[in-house]
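# Observations on the three-dimensional arrangement
Read off the chains here:
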Amino acid sequence: MRLGYFTMPLHPFERDTTETLHEDRQTIILADKLGFYDAFVGEHLTDKAENVTNSLLFLATLIPETKTIKLGSGTSNLSHSHPTLLASQAAMFDHLAKGRFIFGISPGALASDAEALGILDQDRNKMFAEAIDVILAIWEREPPYNIDFPDNRFKVSTQVTSVPSIGRGYLMKPFQSPRPEIVGTVVAPHSKGVIAMGKRNFHPMSANFLMDHWLASHWDNYCEGKNAVNEVANPADWRVARTIFVSDDAATANRYGRADANSPYRYYYRQMLTKMMMSKRHVIFKKHADEDDSHVTLDRLLDELVITGTVNEVTDKILALREKAGPFGEIVYAGMDLVDPQLGRRSMELMANEVMPRVNEALGLGSAINVDAPLETAAA
């Protein structure tokens, strides 16, 4: 199993923006030093608590500061820009990172972003599907392109203005051939989008704020998509994000990871509960779809969704999660605001240096931080 990192990020909005942006940079630099496999960074335009407005721009500042960690948009919101812009910007990023790039994509779910962009009344899922078709076509084709898919609002051509002898009319292709890995974040239980990912060889990442019992539905649907194109689903392609805090002692784990009023985990899930209730997407927090809303409380979310404890406790909980959810290939550690920087960084150190070697040893994969199981073993 591999170890990844994901941050929305989500900070108390009274904190200084400059300070939190640099805090998030330093956290990913630490993840690189600790051997994390990849790091995904989210983006929103109109959320004061989530301060990264462009994930590619933010991640570009980390290319010279990191050595091995793959840098992933988490996600690029495809409804927010013309696909020609996104295809060109992602391709350039891939060259700057010399292939240390993962293209994380989603429609863009924040309603206030959509309102600010004047697309609140539009079908952003449809815009997303149209945009990714065009992005892939740009990367696959040569100028003058003439991309004009039926029922797709985005048309791309340089036929009228192309001058091949001077390079005019050419759109950049990525460093990685034929393209970077494409990852889609999955939130909804039984998401049909995961079936489409399987068909198109995109890779799913299940959100850290989705209850454990819904996770197996993502793997089932990914397998369905792969089967539809006569391919075998590889567990290494499935990432599961979880909210984790590891401590040297159980009392600190409980206090900082759950009980303390100033716990960053408590703040995080208070924000997520409020946002999901407002958008009527809080089924992700339920035991079953028809469960009464009154059962969805902050304390239950902390109990169910935050993996806390000592090294041995967290190791056991991750192994139990994998047994319950299915054979995911990467556990993605969710970043929090550093209320206590020492505890936050120590948790990442313990996760990389102690928990992951024990997890992989228990899975019979040796004691490395990151390892892919053989396909036939992982699928068993």
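Attention in this report is confined to the structure presented alongside it. (Residues numbered from 1 in each chain as written. Predicted model: local features only at pLDDT ≥ 70, side-chain atom pairs only at ≥ 80, totals over all residues. Heavy atoms only, no water.)

## Section: the overall build of the protein
Looking only at helices and strands, one finds 13 helices and 10 strands in the protein. The C-alpha radius of gyration of the protein comes to 21 Å, within 12% of the 21 Å expected for a compact globule of 380 residues. Dimensions of the protein along its principal axes, counting C-alpha atoms only, are 70 × 45 × 45 Å. Counting every position in the protein, which comprises 380 residues, the buried fraction comes to 56%. Here the contacts in the protein between residues at least 6 apart in sequence split such that 72% fall between residues at least 24 apart. (Helix = DSSP H or I, 4+ residues; strand = E, 2+ residues; numbered from the N terminus. Rg over C-alpha atoms; globule rule 2.2 N^0.38 Å. Buried < 20%, exposed > 50% of the residue type's maximum accessible area, 1.4 Å probe, protein only. Contact = heavy atoms within 4.5 Å.)

## Considering the packing of aromatic side chains
If you walk through the whole model with that rule in mind, you get 13 aromatic pairs. Residues F103 and W139 carry aromatic rings whose centres are separated by 5.8 Å and whose planes lie at 55° to one another, so their mutual orientation is tilted. With F103 in strand 5 (residues 101–106) and W139 in helix 5 (residues 124–140), the pair connects residues that are 36 residues apart, well separated along the chain. As far as the burial class goes, F103 and W139 line up, both buried. An aromatic cluster of at least three residues, connected via ring pairs, comprises F93, F101, F103 and W139. (Phe/Tyr/Trp six-rings, centres within 6.5 Å; stacked < 30°, edge-to-face > 60°.)

## Things to note about the packing of helix 3 (residues 83–96) against helix 5
Where helix 3 contacts helix 5, the axes come no closer than 9 Å and their chain directions differ by 50°. One way to sum up the angle between helix 3 and helix 5 is to call them oblique. Note on packing geometry: the crossing formed by helix 3 with helix 5 is right-handed. Between helix 3, through P83, T84, L86, A87, A90 and A91, and helix 5, the contact on the second element is made entirely by A131, V134, I135, I138 and W139. Looking at the contact of helix 3 with helix 5, its residues break down into 10 nonpolar, 1 polar and no charged. (Axes fitted to C-alpha atoms, helices over the stretch in contact; angles between N-to-C directions. Parallel < 35°, antiparallel > 145°, perpendicular 65-115°, else oblique. Left-handed = near helix turned anticlockwise from the far one by under 90°. Nonpolar A, V, L, I, M, F, W, Y, C, P; charged D, E, K, R; others polar.)

## Let's talk about the side chain of K286
With respect to the secondary-structure elements, K286 resides in the loop between helix 9 (264–278) and helix 10 (298–305). K286 has contacts with M211, H213, W214, E291, D293, V296 and R300, leaving out every residue within four places of it along the chain.

## Digging into the nonpolar core
Of all hydrophobic cores here, the largest spans 110 residues; its most connected members are F36, F103, F209, Y269, F285 and M351. Here the element with the most residues in this core is helix 5; it accounts for 9 residues. Filtering out sequence-adjacent residues up to four positions away, M351 remains in contact with L3, I244, V246, V314, I318, I331, Y333 and M356. (Core = buried A, V, L, I, M, F, W, Y, C linked by side-chain atoms within 4.5 Å.)

## Structural notes on the environment of P180
Examined against the element boundaries, P180 turns out to sit in the loop between helix 5 and strand 6 (181–186). In this structure the C-alpha to C-alpha distance between P180 and G104, which are 76 residues apart in sequence, comes to 9.6 Å.

## Some words on the environment of M351
Counting through the fold element by element, M351 comes out in helix 12 (residues 341–362). C-alpha separation for the pair M351 and N262, spaced 89 residues apart in sequence, amounts to 22 Å.

## Regarding the pairing of strand 5
When you tally the buried positions in strand 5, you get 6 out of 6 residues, the bulk of the element. Taking every second residue as pointing to the same face, both faces of strand 5 are buried, with F101, F103 and I105 on one and I102, G104 and S106 on the other. Relative to strand 5, strand 3 (residues 70–73) runs parallel, the two being bridged by 2 bridges. What sits directly across from L71, in strand 5, is F101. Bridge count between strand 4 (residues 76–77) and strand 5: 2 bridges; the pairing is parallel. (Pairing = 2+ DSSP bridges.)

## Brief notes about helix 12
With 22 residues, helix 12 ought to run about 32 Å at 1.5 Å a step, and its terminal C-alpha atoms sit 30 Å apart, in line with that. The axis of helix 12 is deflected most strongly, by about 40°, at M351. Taken residue by residue, helix 12 has L343, G344, S347, M348, L350, M351, A352, V355, M356, P357, V359 and N360 as its buried positions. Where helix 12 is buried, its residues touch strand 1 (2–7), helix 1 (17–34), strand 8 (239–246), helix 8 (250–259), helix 11 (311–325) and strand 10 (330–334). A side-chain oxygen of the first residue of helix 12 lies 3.1 Å from the backbone nitrogen of Q342; this N-cap is D340. One or two residues past the end of helix 12 sits G364, with phi positive at roughly 75°. (Expected span 1.5 Å × (residues − 1). Bend = angle between axes of the 7 residues up to and from the residue. Polar contact = N/O pair within 3.5 Å; in protein donor to acceptor, adjacent residues only side chain to side chain.)

## So, the pattern of salt bridges
Under the criterion given, the structure shown has 26 salt bridges. Residue D248 pairs with R346 through a salt bridge whose shortest N-O separation is 2.9 Å. Within this pair, whereas D248 is found in the loop between strand 8 and helix 8, its partner R346 is found in helix 12, the two being separated by 98 residues in sequence. Assessed through its relative accessible area of 32%, R346 is described here as partly exposed. Bridged by salt links that share partners, the residues R2, D38, E181, R239, E330 and D372 form one connected network. (Salt bridge = Lys/Arg side-chain N within 4 Å of Asp/Glu carboxyl O.)

## Here we look at the packing of helix 1 against helix 12
For the pair helix 1 and helix 12, interaxial distance at closest approach is 10 Å and the crossing angle is 25°. It follows that helix 1 is roughly parallel to helix 12 by the angle criterion. Considering the relative orientation of helix 1 and helix 12, their crossing is right-handed. Residues T27, L30, A31 and L34 of helix 1 form the contact with helix 12, whose participating residues are R345, M348, E349, A352 and N353.

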